[in-house]
Amino acid sequence: MILPVIEFPMDDVLELGAVFCAALSGGLSAIRKSFDIFGVLVLAWATGLGGGILRDVLIGATPPVGISSWRLVVAALAAGVVIYFFHPRLERMRRGIIVLDAGALALFVIVGTTKGLDYGVGLMAAVIVGTLTGIGGGVLRDLLTSEAPLILQDRQLYAVPAIVGASITAVLWREGWLTGWTQLATIALIFGFRLVSLRLGWTVPGPWSGRRGGAGSGRM
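Residues numbered from 1 in each chain as written. Predicted model: local features only at pLDDT ≥ 70, side-chain atom pairs only at ≥ 80, totals over all residues. Heavy atoms only, no water.

## Considerations on the pattern of salt bridges
Here is the rule we go by: Criterion for a salt bridge: a side-chain nitrogen of Lys or Arg within 4 Å of a carboxyl oxygen of Asp or Glu. A run of H or I in DSSP becomes a helix once it reaches four residues, and a run of E becomes a strand once it reaches two; helices and strands are each numbered from the N terminus. Burial classification: accessible surface area is computed with a 1.4 Å probe over protein chains only, and a residue below 20% of its type maximum counts as buried, one above 50% as exposed, and the rest as partly exposed.
Under the counting rule described, the total for this entry stands at seven salt bridges. Arg 141 is the salt-bridge partner of Asp 101, the closest N and O atoms lying 2.9 Å from each other. Residue Asp 101 is found in helix H5 (residues 93-118), and its partner Arg 141 is found in helix H6 (residues 123-144); the two are separated by 40 residues along the sequence. Across the pair, Arg 141 and Asp 101 agree in class, each one buried. With its nearest N and O atoms 3.2 Å apart, the salt bridge here joins Arg 174 to Glu 175.

What follows is the structure, given as structure tokens:
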């Protein structure tokens, strides 16, 4: 028996959770940079809603929810306020940012992929949109704080968990198995994949250097 596909209200809850988690990580980054409260709120908004804005522009869902949904905007700003007043001690912030970022990545990938599928963009495009939704806010956060984006930093597995999760979501949708439980399981998989890869030091391969001396041989 095939369980019914997840209803849209669940996607609303997931997106609110994703925005809040991502905005918390943006607020923590702002605190680390000693931003004032306006800077904390701006970075929380940009981190929480940047990926969703990129997603909606790509699939033609305009105006993007990042500027049209008051619930998402309030969630992002509320996260900024929470971080401003109740942020942890400075020495613990880096770990907190990584954990929050992993949670936001997992939630955004699911939301982005399913919304792309709802708009009929096709499986491959939905995987790409889901991946960009997951990584977009974090990249914008790092650029605004003059940090190397995590997707490029130290060859970490950041985009890889997003691609895996988006691909699984697209396959589950195609087979009619995308339910609340399978969504939660995929979220846990992405989140765990990201944190375990950091814990064990998994990285993607670096540049291939070719055979020794090949670059300097002078042959055409």
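## Describing the packing of aromatic side chains
Selection rule: Stacked, tilted and edge-to-face pairs are distinguished by plane angle, under 30 degrees for stacked and over 60 for edge-to-face with tilted covering the rest, among Phe, Tyr and Trp rings (Trp via its six-membered ring) whose centres lie within 6.5 Å.
Within this structure, the stated rule accounts for two aromatic pairs. Note on Tyr 84 and Phe 85: the rings are 5.1 Å apart at their centroids and 90° apart in plane angle, and the pair reads as edge-to-face. On the basis of relative accessibility, which here comes to 31%, the residue Tyr 84 falls in the partly exposed class. Seen in terms of ring centroids, Phe 193 and Trp 202 are 6.4 Å apart; in terms of plane orientation they differ by 70°. Their pairing is edge-to-face.

## Some words on the UniProt feature "transmembrane region" (unreviewed entry) in the protein
Where we set the bar: UniProt positions are given in the numbering used here, feature names are shortened, and annotations may be inferred rather than shown by experiment.
Summarizing the sequence annotation, UniProt attributes the feature "transmembrane region" (unreviewed entry) to residues 13-31, 38-61, 67-86, 98-117, 123-144, 156-174 and 180-202 in the numbering used throughout. Between the end C-alpha atoms of residues 67-86 the distance is 26 Å, and the span holds 95% helix and 0% strand. With 91% helix and 0% strand, residues 180-202 has end C-alpha atoms that lie 30 Å from one another.

## Things to note about the nonpolar core
Spelled out, the test is: Side-chain atoms within 4.5 Å are what join buried Ala, Val, Leu, Ile, Met, Phe, Trp, Tyr and Cys residues into a set we call a nonpolar core. Note on contacts: a residue pair qualifies if any of its non-hydrogen atoms lie within 4.5 Å across the two residues.
Ranked by internal contacts, the top residues of the largest apolar core, which has 38 residues, are Leu 14, Val 19, Leu 105, Phe 108, Val 109, Ile 187 and Ile 190. Contributing elements (two or more residues each) for this core: helix H1 (8-32), helix H2 (37-59), helix H4 (70-86), H5, H6, helix H7 (159-175) and helix H8 (180-200). In terms of residue count, H5 provides more of this core than any other element does, ten residues in total. Setting aside residues no more than four positions away along its own chain, Ile 187 makes contact with Leu 14, Ala 106, Leu 107 and Ile 110.

## Brief notes about unusual backbone geometry
In this structure, the amide linkage connecting Thr 62 to the following residue, Pro 63, adopts the cis form with an omega of -5°. The residue Pro 63 is located in the loop between H2 and helix H3 (65-68) in this model. In the Ramachandran plot, Ser 34 falls in the positive-phi region, its phi being about 60° despite a non-glycine side chain. Along the polypeptide, Ser 34 turns up in the loop between H1 and H2. Exposure remark for Ser 34: the relative accessible area of 64% places this residue in the exposed category. Positive phi, close to 60°, is recorded for Ser 146, a residue that is not glycine. By relative accessible area, Ser 146 is classed as exposed at 68%.

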